[in-house]
Amino acid sequence: MSLFTGPMHRHLDGHKDLTLTAEVNRSIDPDVIYIPLVNGNAPCAPCVKVGDDVKVGTKVAERNDHFYLPLFSSVSGTVTGIEKRMTSGLTMADHLVIQNDHKHTVEKPFAPLDYEKASWEELQAFCKNAGMLGLGGAGFPTYVKYADPKNVEQLIINAVECEPYLTADYKNIEANMDLLKTGVLAFWKLAKAKKACVAIKEDKVKQIAALKQTFEGTGVEIRIVPNVYPMGWERTLVYEVTGRRYDKLPIQAGCIVNNATTAIAFGNALTNGMPITHKYVTVSGDGVGHPQNVYVPVGTTAHDIIDACGGYTADDVYLIAGGPMMGRTITKDTFSIAPQNNGLTVLINKPEDEVACLRCGRCTESCPAGLEPVQIAAAAKGRDLEALNKLHTMDCIECGLCSYVCPSKIAVTENVRTGKRLIMMQMKKAGAKK
């Protein structure tokens with residue numbers, strides 16, 4: 001960690017006005033969906049075969065290694081195959097292909113559950129079998145966070161959504177305040193925490209008022225946090241709420257953190273007996289015709305979504321899975337929306353000339369993880385694995401601030417990503433030798 005750091009965050013022009021007040025597009029109903037058979041780096045085995053008929057809510061696959069996670073169909077129709085396709089994380093994975101019959105026939109895979117009457121064990125099992133996962137971007141199975149909640153002081157529901165352009169969480173909360181309340185209170189019971197709060201940025205005045213009204217009398221605090229980036233990162237948020245730092249996981253600071261969209265999904269499962277089948281996704285940027293939020297079946301391709309939003313406004317654009325800071329630029333729009341995907345940002349390519357590093361130190365001052373990005377980038381270019389490890393390269397969260405503040409227009413974040421890949425390759429080789 002650098003000895004000389006600045007505020008380690010920054011106020012950004014979020015461009016959220018492009019989609020914040022626009023009506024959500026709920027009309028997208030693709031002919032074919034492609035459900036990624038992967039969770040994190042772990043494959044998910046299909047539970048159905050080619051020719052099988054499925055409904056909205058049918059369990060179609062499951063991860064069953066050291067973690068369990070079921071996946072469910074988002075449309076009714078027929079399974080037509082398994083295809084190897086690029087994911088939004090820039091990796092190749094099998095995808096379950098389902099031909100949509102457009103009948104929207106629903107099959108509830110489990111019964112609703114009254115979280116107030118349920119035992120802790122029943123509620124935790126429900127969370128596991130309902131396929132709850134981190135919908136803020138990580139996709140981690142949610143029940144694992146609550147498997148053994150000891151000494152939990154604070155449950156934090158993250159409604160910050162600090163990534164520029166993205167407003168999907170905001171629109172989801174706006175439409176599903178009651179489900180959010182149910183999910184938060186159920187998570188609070190699971191966490192066995194002394195306190196619970198919903199954290200939201202100070203500029204969301206209208207939603208802050210609605211949240212305070214919704215949670216009045218429950219004991220859940222509406223915690224207003226500064227409008228800076230990356231306030232939504234767990235480490236930054238935990239420090240803002242508790243004043244505590246931690247090494248690996250929030251539980252080390254006595255906290256459990258879940259995204260607001262995950263809480264809504266949990267509330268929906270408990271109330272309506274339905275798993276995660278659809279997603280709110282922000283489609284924004286100057287490279288798309290009609291920026292808006294869409295509500296689409298999981299497995300809908302980026303191509304179908306962009307087409308429904310007015311198509312591209314230029315021939316040369318960047319298509320980013322996620323927001324412009326932490327998202328990944330993808331060259332083809334054939335990838336499909338996974339449960340954890342929140343946005344598609346489309347920006348017209350405006351090339352900027354890169355110049356030599358000025359040694360100004362802005363990247364180090366801005367790094368929320370307290371790293372030295374320019375040193376890591378140099379080590380990556382030199383393939384110096386010893387230096388990369390000493391510089392704690394794997395602690396980088398790829399927030400993009402170092403590239404954003406760089407006056408030399410150097411792609412610092414991408415260089416750090418290269419360093420992380422080198423370390424992971426080294427670890428993979430070491431593991432293969434054992």
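What comes next concerns the included structure.

### A look at the overall build of the protein chain
Line of reasoning, step 1. Helix and strand counts for the protein chain stand at twelve helices and 18 strands.
Line of reasoning, step 2. Considered along the principal axes of its C-alpha atoms, the protein chain spans approximately 60 × 55 × 50 Å.
Line of reasoning, step 3. Looking at the 434 residues of the protein chain, the share that counts as buried comes to 54%.
Line of reasoning, step 4. By sequence separation, contacts in the protein chain at least 24 residues apart represent 70% of the contacts at least 6 residues apart.
Line of reasoning, step 5. Measuring between centres, the 47 positive side-chain charges of the protein chain sit 6 Å from its 47 negative side-chain charges.

### A word on the side chain of Gln340
Line of reasoning, step 1. Position of Gln340 among the secondary structure elements: in the loop between strand E17 (328-329) and strand E18 (343-348).
Line of reasoning, step 2. Setting aside chain neighbours within four positions, we find Gln340 in contact with Leu133, Gly134, Leu135, Gly136, Gly137, Ala138, Gly139 and Lys279.

### Re helix H4 (residues 205-214)
Line of reasoning, step 1. Inspection of H4 places Gln207, Ile208, Leu211 and Thr214 among the buried residues, and these make up the whole buried set. Burial along H4 is one-sided: seen end-on, the buried residues are contained in an arc of 125 degrees. Of the residues in H4, the exposed ones pointing more than 90 degrees away from the buried face are Val205, Lys206 and Gln213.
Line of reasoning, step 2. Looking at the buried side of H4, the elements it contacts are helix H2 (168-175), helix H3 (177-191), strand E11 (195-201) and strand E12 (221-225).

### Considerations on unusual backbone geometry
Line of reasoning, step 1. Put simply, Tyr229 and Pro230 share a cis peptide bond, and its omega is 5 degrees.
Line of reasoning, step 2. A positive phi is found at Arg383, a non-glycine position, where the angle reads about 55 degrees.
Line of reasoning, step 3. Residue position: Arg383 is located in the loop between helix H9 (373-381) and helix H10 (385-390).
Line of reasoning, step 4. In this model, His392 sits at a positive phi of 55 degrees, which is unusual for a non-glycine residue.
Line of reasoning, step 5. Topologically, His392 is positioned in the loop between H10 and helix H11 (401-405).

### Some thoughts on the pattern of salt bridges
Line of reasoning, step 1. Counted according to the given criterion, the structure contains 17 salt bridges.
Line of reasoning, step 2. A salt bridge links Arg85 to Glu83; the nearest nitrogen and oxygen atoms lie 3.3 Å apart.
Line of reasoning, step 3. Given the relative accessible area of 15%, Arg85 is considered buried.

### Comments concerning the sheet that holds E12
Line of reasoning, step 1. An order of E12-E11-E10-E13 is seen for the four strands of this open sheet, with the pairing classed as parallel. The outermost strands of the open sheet, each flanked by one partner alone, are E12 and strand E13 (255-259). For this sheet, the mean angle separating the axes of adjacent strands, direction not counted, is 30 degrees.
Line of reasoning, step 2. Where strand E10 (residues 154-158) lies against E13, five bridges are found, and the strand directions are parallel. Paired with Ile157 across the strands is Asn258, a residue of E13.
Line of reasoning, step 3. H3 rests against E10, E11 and E13 of the sheet, and its axis sits at about 150 degrees to E10.
Line of reasoning, step 4. Sheet strands in contact with helix H5 (residues 234-242) are E10, E11, E12 and E13, and its direction is about 125 degrees off that of E10.

### Details of the nonpolar core
Line of reasoning, step 1. Counting 62 residues, the largest nonpolar core has Leu155, Leu180, Phe187, Val198, Leu211 and Phe266 as the members making the most contacts within it.
Line of reasoning, step 2. Setting aside chain neighbours within four positions, we find Val198 in contact with Ile157, Ala159, Val184, Leu211, Phe215, Val220, Glu221, Ile222 and Arg223.
Line of reasoning, step 3. The next biggest cluster of nonpolar side chains, apart from the first, holds 39 residues, and it includes Ala199, Tyr229, Val238 and Leu391.

### With respect to the packing of aromatic side chains
Line of reasoning, step 1. Evaluated as defined, the whole model comprises seven aromatic pairs.
Line of reasoning, step 2. On the numbers, 5.2 Å between centres and 0 degrees between planes, the contact of Tyr146 with Phe187 is stacked. One end of the pair, Tyr146, is in the loop between helix H1 (120-129) and E10; the other, Phe187, is in helix H3, and 41 residues separate them in sequence.
Line of reasoning, step 3. Judged by its relative accessible area of 0%, Tyr146 falls in the buried class.
Line of reasoning, step 4. Residue classification places Phe187 among the buried positions, given a relative accessible area of 0%.
Line of reasoning, step 5. Site record: aromatic cluster; members linked through ring pairs are Phe72, Phe110, Phe126, Tyr146, Phe187 and Phe266.
Line of reasoning, step 6. Seen from the ring of Trp120, Lys192 lies directly overhead, with NZ or CZ sitting 4.7 Å from the centre.
Line of reasoning, step 7. Between the NZ or CZ atom of Arg245 and the centre of the ring of Tyr239, over which it lies, the distance is 3.7 Å.

Thresholds, definitions, all that
- Residues numbered from 1 in each chain as written.
- Predicted model: local features only at pLDDT ≥ 70, side-chain atom pairs only at ≥ 80, totals over all residues.
- Heavy atoms only, no water.
- Helix = DSSP H or I, 4+ residues; strand = E, 2+ residues; numbered from the N terminus.
- Buried < 20%, exposed > 50% of the residue type's maximum accessible area, 1.4 Å probe, protein only.
- Contact = heavy atoms within 4.5 Å.
- Lys, Arg positive; Asp, Glu negative; His and termini not counted.
- Charge placed at Lys NZ, Arg CZ, Asp CG, Glu CD.
- Arc of directions from axis to C-beta.
- Salt bridge = Lys/Arg side-chain N within 4 Å of Asp/Glu carboxyl O.
- Pairing = 2+ DSSP bridges.
- Axes fitted to C-alpha atoms, helices over the stretch in contact; angles between N-to-C directions.
- Core = buried A, V, L, I, M, F, W, Y, C linked by side-chain atoms within 4.5 Å.
- Phe/Tyr/Trp six-rings, centres within 6.5 Å; stacked < 30°, edge-to-face > 60°.
- Lys NZ or Arg CZ within 6 Å of the ring centre and 35° of its normal.

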